[in-house]
Amino acid sequence: MKDKGMKAQRHPLEKILEDRIAIIDGAMGTTIRTYGMKESDIRGERFKDAKKSLLNNGDLFTLTQPEMIGDIHRRFLEAGADIIETNTFGATSIAQSEFFVEDPREHGGRKDPEFYSKIIGNPFLEKLAWDINEQSAQQCRAWADRVGTATSRQRFVAGAIGPLTVSLSNSPDADDPGFRVVTFDQVKAAYAQQVRALIAGGVDLLLVETIFDSLNAKAALVAIREVFDELGHDGQNNDGQNKDGQKKDRQNKDLPVMISAAVGRGGETMISAQTPEAFWNAVRHVKPLSVGLNCSLGPDLMYPFLEELSEKADVAVSVYPNAGLPNPLSETGFDLGPQDMARYLSEFADGRLINIAGGCCGNTPEHIAAIAKALEGKPPRKFGPQLKEASFARPGEIGSRA
């Protein structure tokens with residue numbers, strides 16, 4: 001906490017959210033597919049001998065095809081994005097283990113906490129997760145600064161912290177409802193490593209997104225709190241010393257936290273079956289920069305749930321829906337084109353529901369360009385109290401995409 005009388009240092013994104021609707025980028029996976037990459041391109045030299053298929057492991061492109069990933073960031077920025085996300089949606093040791101560790105179920109076993117105790121702390125997976133997160137953050141940082149300087153408009157890097165393939169809320173075994181594949185501490189440990197690497201790479205924000213299990217999200221948020229406590233200000237420990245024991249002046253290095261959930265057709269956040277209002281009540285103590293909805297449904301189906309969240313939340317509200325529902329015959333794999341998305345998100349803005357807007361699955365740089373143009377000049381949603389010191393997830397204050 002800051003001493004009384006010290007003036008709170010406002011994050012520059014705060015002013016933008018008060019003045020206009022900020023734009024977040026679109027779908028990394030969808031845009032990657034337009035480059036015609038093959039599995040051999042994902043593997044590169046580093047992973048050429050991997051024994052399992054890496055076809056759907058798009059996070060690895062950060063390491064094996066950095067020029068392509070950089071080009072995608074550039075295109076989203078030039079389309080008008082104020083915020084670009086790191087290519088780290090599945091960059092935890094737990095998520096990456098799906099591609100690099102033999103599945104015990106193939107031999108009559110099952111995944112359980114004992115299995116994941118070997119995943120957490122696995123040297124290969126830990127280094128892999130660190131490299132993806134740190135290097136992706138660095139790639140985003142370089143392009144955000146380059147385009148920001150060229151356009152005289154600051155751009156921001158959000159460290160993308162996605163969901164897992166395992167749930168803390170539900171058992172995968174119908175005959176053993178009390179069984180959980182992983183423990184809370186194991187999930188928290190995987191997320192903590194991701195957070196450390198994203199911060200080391202230079203992100204401006206941390207984005208816990210596509211939440212369909214609120215307990216998993218809680219583990220991510222607790223991990224963020226603990227990493228902030230561990231790092232303190234400017235990477236110092238809690239006694240104000242750096243790792244060499246030298247005293248340094250503290251600098252305000254606090255990172256805002258954004259939270260975004262996925263909803264189903266009934267309006268629940270999928271596995272944990274909470275309504276948007278219930279979800280907000282479950283995370284509001286974090287005092288995030290923003291709370292919102294993404295992925296899951298097309299914008300037309302998302303409207304009532306976004307409206308409910310907008311009515312209840314007292315912080316900024318974000319939305320970046322899928323481009324409609326999946327359609328394998330469509331060029332992007334989803335129904336809606338750029339002008340369709342622009343029209344729907346304009347309706348959100350006209351309803352005074354949003355402060356941050358963009359697109360998830362199926363949204364290319366062309367979609368984001370259309371959304372940015374359609375929302376230009378439209379006033380942002382009013383929310384209060386206005387973002388100030390309490391709007392940040394600071395050390396010690398956080399409680400217990402395709």
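Presented here is an overview of the structure given in this document. Given the structure is predicted, the values throughout are model-derived calculations rather than measurements.

A look at the side chain of Thr269
Residue position: Thr269 is located in the loop between β5 (257–261) and α11 (276–283). What Thr269 contacts, discounting residues up to four positions off in sequence, is Ile211, Phe212, Ala261, Ala262, Val263, Gln274 and Phe279.

Some points on the pairing of strand β4 (residues 205–211)
Burial runs high along β4: seven of the seven residues are buried. Strand direction decides the pairing type here: strand β3 (residues 156–161) and β4, joined by four bridges, are parallel. Of the residues in β4, the one forming a bridge with Gly159 is Leu206. Where the polypeptide runs from β3 across helix α9 (residues 184–201) and back to β4, its parallel neighbour, the crossover connection is right-handed. Where β4 and β5 come together, four bridges link them in parallel fashion.

As for the pattern of salt bridges
In a structure, side chains of opposite charge can pair up when their charged atoms sit close to one another. Evaluated as defined, the whole model comprises 23 salt bridges. Ionic pairing is found between Asp350 and Lys378, a salt bridge with its closest N-O pair at 2.8 Å. Placement of Asp350 in helix α13 (residues 338–350) and of Lys378 in the segment after α14 (365–375) is noted, with a sequence separation of 28 residues between them. Classification of Lys378 as partly exposed rests on a relative accessible area of 22%. What you see here is one network of salt bridges that share partners, running through Asp185, Lys188, Arg225 and Glu226.

Quick notes on α9
Three or four residues apart is the spacing at which side chains of an α-helix point the same way, because the helix has 3.6 residues per turn. Taking 1.5 Å as the rise per residue, α9 with 18 residues should run 26 Å; its terminal C-alpha atoms sit 26 Å apart, in good agreement. When we look at burial in α9, the residues that qualify are Gln186, Val187, Lys188, Ala190, Tyr191, Ala192, Gln193, Gln194, Val195, Ala197, Leu198 and Gly201. On the buried face of α9, the contacting elements are α6 (93–100), α7 (113–119), α8 (123–151), β3, β4 and α10 (214–231). Where α9 terminates, the next one or two residues include Gly202, which has phi positive at roughly 100 degrees.

A short note on the nonpolar core
Formed by 115 residues in total, the largest nonpolar core has its most connected members in Ile83, Ile161, Leu206, Ile224 and Ile354. Contacts of Ile354, omitting those with residues within four sequence positions, involve Ile21, Leu306, Val317, Val319, Leu345, Phe348, Ala349, Leu375, Pro380 and Arg381.

What to know about the packing of aromatic side chains
Counted under the stated rule, the structure contains four aromatic pairs. Taking 5.7 Å as the distance between ring centres and 50 degrees as the angle between the ring planes, the aromatic pair formed by Phe47 and Phe100 counts as tilted. Here Phe47, found in the loop between α3 (39–43) and α4 (61–64), pairs with Phe100, found in helix α6; they are 53 residues apart in sequence, far enough to count as distant. Accessibility expressed as a relative area gives 3% for Phe47, which makes it buried. Seen from their ring centres, Tyr303 and Phe348 are 5.4 Å apart, and the 45 degrees between their planes marks the pair as tilted. Of this pair, Tyr303 sits in helix α12 (residues 299–312) while Phe348 sits in helix α13, and the two are 45 residues apart along the sequence. Linked through ring pairs, Phe47, Phe100 and Phe124 together constitute an aromatic cluster.

Looking at the sheet that holds β4
With parallel pairing, eight strands are arranged side by side in an open sheet as β1-β8-β7-β6-β5-β4-β3-β2. With partners counted over all chains shown, the strands left at the sheet margins are β1 (22–23) and β2 (83–85), one partner each. Each of β6 (290–295) and β7 (316–321) touches α12; the most contacted strand, β6, lies at about 165 degrees to it.

What counts as what
- Residues numbered from 1 in each chain as written.
- Predicted model: local features only at pLDDT ≥ 70, side-chain atom pairs only at ≥ 80, totals over all residues.
- Heavy atoms only, no water.
- Helix = DSSP H or I, 4+ residues; strand = E, 2+ residues; numbered from the N terminus.
- Contact = heavy atoms within 4.5 Å.
- Buried < 20%, exposed > 50% of the residue type's maximum accessible area, 1.4 Å probe, protein only.
- Pairing = 2+ DSSP bridges.
- Right-handed = clockwise from strand over helix to strand, strands pointing away.
- Salt bridge = Lys/Arg side-chain N within 4 Å of Asp/Glu carboxyl O.
- Expected span 1.5 Å × (residues − 1).
- Core = buried A, V, L, I, M, F, W, Y, C linked by side-chain atoms within 4.5 Å.
- Phe/Tyr/Trp six-rings, centres within 6.5 Å; stacked < 30°, edge-to-face > 60°.
- Axes fitted to C-alpha atoms, helices over the stretch in contact; angles between N-to-C directions.

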